[in-house]
Amino acid sequence: LANKAYSIGPSLYLPLFTGGRIESAVRQQRAEAEGALAQYRQAVLSAVGDVSACAGDFAQARETRVRADAALASAQQALVLAQQQYDAGVTDFSTLLDVQRSALDAENTAVQARAGVVQGFVALQRALGAGWSGDEQAVAAAQQPGEEAR
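These figures come from a predicted structure and were not determined experimentally.

### Describing the pattern of salt bridges
Right, so step 1: If you walk through the whole model with that rule in mind, you get three salt bridges.
Right, so step 2: Here Asp 98 and Arg 101 are joined by a salt bridge, their closest N and O atoms 2.9 Å apart. Taken together, the residues Asp 98 and Arg 101, both in helix α2 (residues 93-127) and three residues apart, mark about one turn of the helix.
Right, so step 3: On the basis of relative accessible area, Arg 101 is assigned to the partly exposed category, the value being 49%.

### Considerations on the packing of aromatic side chains
Right, so step 1: If you walk through the whole model with that rule in mind, you get two aromatic pairs.
Right, so step 2: On the numbers, 5.9 Å between centres and 55 degrees between planes, the contact of Phe 58 with Phe 121 is tilted. Within this pair, whereas Phe 58 is found in helix α1 (residues 21-88), its partner Phe 121 is found in helix α2, the two being separated by 63 residues in sequence.
Right, so step 3: Relative accessible area serves as the criterion here: at 15%, Phe 58 is assigned to the buried category.

### Comments concerning the nonpolar core
Right, so step 1: Core analysis: the largest hydrophobic core is formed by seven residues, namely Ala 68, Leu 72, Ala 75, Ala 103, Ala 106, Ala 110 and Ala 113.
Right, so step 2: Elements represented by at least two residues in this core include exactly α1 and α2.
Right, so step 3: In terms of nonpolar packing, the next biggest core, distinct from the first, is built from five residues, Cys 54, Phe 58, Val 117 and Leu 124 among them.

### Considering the confidence of the model for the protein
Right, so step 1: Chain-level pLDDT for the protein is 85 on average; 76% of the residues reach the 70-or-more range.
Right, so step 2: Mean pLDDT per element in the protein: helix α3 (residues 134-142) is the minimum at 58, and α2 is the maximum at 96.

Thresholds applied
Residues numbered from 1 in each chain as written. Predicted model: local features only at pLDDT ≥ 70, side-chain atom pairs only at ≥ 80, totals over all residues. Heavy atoms only, no water. Salt bridge = Lys/Arg side-chain N within 4 Å of Asp/Glu carboxyl O. Helix = DSSP H or I, 4+ residues; strand = E, 2+ residues; numbered from the N terminus. Buried < 20%, exposed > 50% of the residue type's maximum accessible area, 1.4 Å probe, protein only. Phe/Tyr/Trp six-rings, centres within 6.5 Å; stacked < 30°, edge-to-face > 60°. Core = buried A, V, L, I, M, F, W, Y, C linked by side-chain atoms within 4.5 Å. pLDDT = per-residue confidence, 0-100.

Below you can see the structure in the form of structure tokens.
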């Protein structure tokens, strides 16, 4: 008869003397896990800070736009009045030119404020993870006014 060994049930292998290798490996893995958790927490805090800053900038840009649009409306109304006064002969041409210059400055400020709102919105979306990549920015910058994305 051949010598055959049979085993029924689970078997357990546990080395009795490892020189502390197992304990050391466990401590190392725990330290690595704690380090990864600390990095994750830092990334989350950084992301929350970015979103908070972008949200504040966006809100401020919207308030600036409201003020710039109100100033533009006032400047346009002043321009209409100055044109009427010039047409009636009440004021001279230099006064009309000054009012026109002020209206154009107000319009320029309003356009810049609108651009600030758009930039703030894009920054907020990026901070929220909306996925605005550099390639998309290059395509958007390359498009001519009036050309639509394909």
